[in-house]
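Structural characterization, general
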Amino acid sequence: MSFSHNPKPVTDKGLIWIDAANHMCYPGSGTTVYNLTEHSNQGSRILTTTPSMNGGTSWNSNGYWTFDGVNSIISFGTLTYWSTNGNSLINEMTLEYWCRGRGTTTTTGTEPRHIGWTYGVRVTITNEDFRFWVHDGSTSNYTRYYHGGNDDILDDDQWRQIVLIANGTRNKIYVNGVLKSNDAGGWAGTTTWHNNGIVFGRDNNNANYYWKGDMGIFKMYGKELSADEVMQNFQAHRGRFGI
């Protein structure tokens, strides 16, 4: 893989940024994963704990983590932005990650999850569609946003950039820089269980939904990336992932 960036990735209002190809993020051994936003524009830690590899998660020197679909996750801990449930500062949010799926195992369940934190956000894969769920803050229910189609089953061993946006009134899904879904409603800017950590590789509230595949980059922004910024990040990293 090539790790050069042209154009440069967006860093404004970055809350979480991990990159398996960056030795400041992961030195190549151990389980600790360092949040790169500490070294950029944030100035201070915004996670209450240091991200870590858990279970069967392994690292590949070509610049990605592998999740075995059995017990692999990367846990980020909680955001200090959610230190009180009623005082969230994330009224706009963008999640971006680069991944390739490798099918299912007996522990992925029928709907393996890329991302989960309880009563906050859930990202689900089914054999029919790709689902971005956000909690509306008023009940224990999630609002679901779908993008169907074979390109979003994500178990075909192909690298993709996934970008998910919630801004309070619209919720958007991009795949490889292209807008796939743009729906009204959802995200209240907080979580009901704000002390629960963010997890990649499984639904944080259910151990039966592990994901099997590889992930190279994960980012979270405290703002909505514009369409141009989504494309800027896609162009910055696509060569590395052979797209």
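Structure: see above.
I will try to describe carefully the structure that is included in this document. Counting restarts for each chain: residues are numbered from 1 in the order of the written sequence. With the structure being a predicted model, the display of local features is reserved for residues of pLDDT at least 70 and the display and counting of side-chain atom pairs for 80 or more, all residues being used for whole-chain, interface and lining totals. To obtain the side-chain values, all non-hydrogen atoms of the structure were included, while hydrogens and water were left out.

A few words on the nonpolar core. Here is a general trend for soluble globular proteins: nonpolar side chains tend to be buried in one another's company. Put simply, buried Ala, Val, Leu, Ile, Met, Phe, Trp, Tyr and Cys residues joined by side-chain atoms within 4.5 Å make one nonpolar core. Relative accessibility decides the category of a residue: with a 1.4 Å probe and only protein chains considered, values under 20% of the type maximum give buried, values over 50% give exposed, and everything between is partly exposed. Core analysis: the biggest nonpolar cluster contains 47 residues, and Trp 65, Tyr 97, Phe 218 and Met 220 have the highest contact counts within it. Counting from the N terminus, the helices are the DSSP runs of H or I reaching at least four residues and the strands are the DSSP runs of E reaching at least two. At five residues, strand β6 (residues 93-101) tops the list of elements feeding residues into this core.

On to the pairing of β6. Extensive coverage of β6 is indicated by the burial of nine of its nine residues. Side chains of β6 alternate between two faces, with Met 93, Leu 95, Tyr 97, Cys 99 and Gly 101 and Thr 94, Glu 96, Trp 98 and Arg 100 buried alike. In terms of strand pairing, β6 meets strand β11 (residues 160-166) through seven bridges, oriented antiparallel. By the bridge assignment for β11, Tyr 97 is matched with Ile 162. Looking at chain direction, β6 and strand β15 (residues 212-221) are connected through eight bridges and run antiparallel. Residue pairing in the sheet places Cys 99 in a bridge with Met 215 of β15. Here a strand pair is declared whenever DSSP counts at least two bridges between the two strands.

Glancing now at the sheet that holds strand β8 (residues 121-125). Read across the sheet, seven strands follow the order β2-β5-β14-β7-β8-β9-β10 without closing on themselves; strand pairing throughout is antiparallel. A single partner strand is all that each edge strand has here, and the edge strands are β2 (52-54) and β10 (142-148). Recorded for the sheet is a direction-independent mean angle of 20° between the axes of neighbouring strands. Where helices are involved, their axes are fitted lines through C-alpha atoms of the stretch in contact, as for all axes, and angles between N-to-C directions lie from 0 to 180°.

In this section: the side chain of Gln 161. In this structure, Gln 161 sits in strand β11. We call two N or O atoms a polar contact when they sit within 3.5 Å, provided that within protein one can donate a hydrogen and the other can accept it, with sequence-adjacent residues counted only if both atoms are side-chain atoms. Among the polar contacts listed, one links the side chain of Gln 161 to the side chain of Glu 96, at a separation of 3.1 Å. A polar contact of 3.0 Å, which involves the side chain of Gln 161, links it to the backbone nitrogen of Gly 177. Residue contacts for Gln 161: discarding those within four places in its chain leaves Glu 96, Tyr 97, Trp 98, Tyr 174, Val 175, Asn 176, Gly 177, Val 230, Asn 233 and Phe 234. By definition in these notes, contact holds between two residues if any of their heavy atoms fall within 4.5 Å.

Another aspect to go through is the pattern of salt bridges. A pair is scored as a salt bridge if a Lys or Arg side-chain nitrogen falls within 4 Å of a carboxyl oxygen belonging to Asp or Glu. Summed over all chains, the structure comprises 13 salt bridges. Notably, a salt bridge pairs Arg 131 with Asp 129, separated by 2.8 Å at the nearest N-O pair. Using a relative accessible area of 10% as the deciding quantity, one classes Asp 129 as buried. Counted as one network, the salt bridges with shared partners bring together Arg 100, Arg 102, Asp 157 and Asp 214.

Moving on: the packing of aromatic side chains. Planes of paired rings set the category: under 30 degrees apart is stacked, over 60 is edge-to-face and the rest tilted, where pairs are Phe, Tyr or Trp rings (Trp by its six-membered ring) whose centres lie within 6.5 Å. Summed over the entire model, instances satisfying the criterion amount to 13 aromatic pairs. With centroids separated by 4.8 Å and ring planes inclined at 25°, the aromatic side chains of Phe 76 and Phe 218 adopt a geometry described as stacked. With Phe 76 in strand β5 (residues 73-77) and Phe 218 in strand β15, this pair connects stretches of sequence that are 142 residues apart. Just as Phe 76 is buried, Phe 218 falls in that class too. Ring centres of Phe 200 and Phe 218 lie 5.9 Å apart, and the angle between their planes is 70°; on these two criteria the pair is classed as edge-to-face. Here the residue Phe 200 occupies a position in strand β14 (residues 198-200), and Phe 218 occupies one in strand β15, the gap between them amounting to 18 residues. On the basis of relative accessibility, which here comes to 0%, the residue Phe 218 falls in the buried class. Every member of this aromatic cluster is reached through a ring pair, and the members are Phe 67, Phe 76, Tyr 97, Phe 200, Trp 211 and Phe 218. A ring is scored as having a charge over it whenever the NZ atom of a lysine or the CZ atom of an arginine sits within 6 Å of its centre and within 35 degrees of its normal. Over the ring of Trp 133 we find Arg 122; its NZ or CZ atom is 5.8 Å from the centre of that ring.

Once that is clear, we can look at the pairing of strand β1 (residues 14-19). With six of six residues buried, β1 lies mostly within the body of the structure. Pairing between β1 and β15: five bridges, direction antiparallel. Opposite Asp 19, over in β15, you have Ile 217 as the bridge partner.

So, on to the environment of Asn 196. Among the secondary structure elements, Asn 196 is positioned in the loop between β13 (178-184) and β14. Residue Asn 196 is classed as partly exposed on the basis of its relative accessible area of 26%. Sequence-wise, Asn 196 and Gly 120 are 76 residues apart; in three dimensions their C-alpha atoms are separated by 9.2 Å.

Time to look at the environment of Trp 98. Tracing the sequence through the fold places Trp 98 in strand β6. When its relative accessible area of 0% is taken as the criterion, Trp 98 is described as buried. C-alpha of Trp 98 to C-alpha of Trp 159: the two residues are 61 residues apart in sequence and 6.7 Å apart in space.

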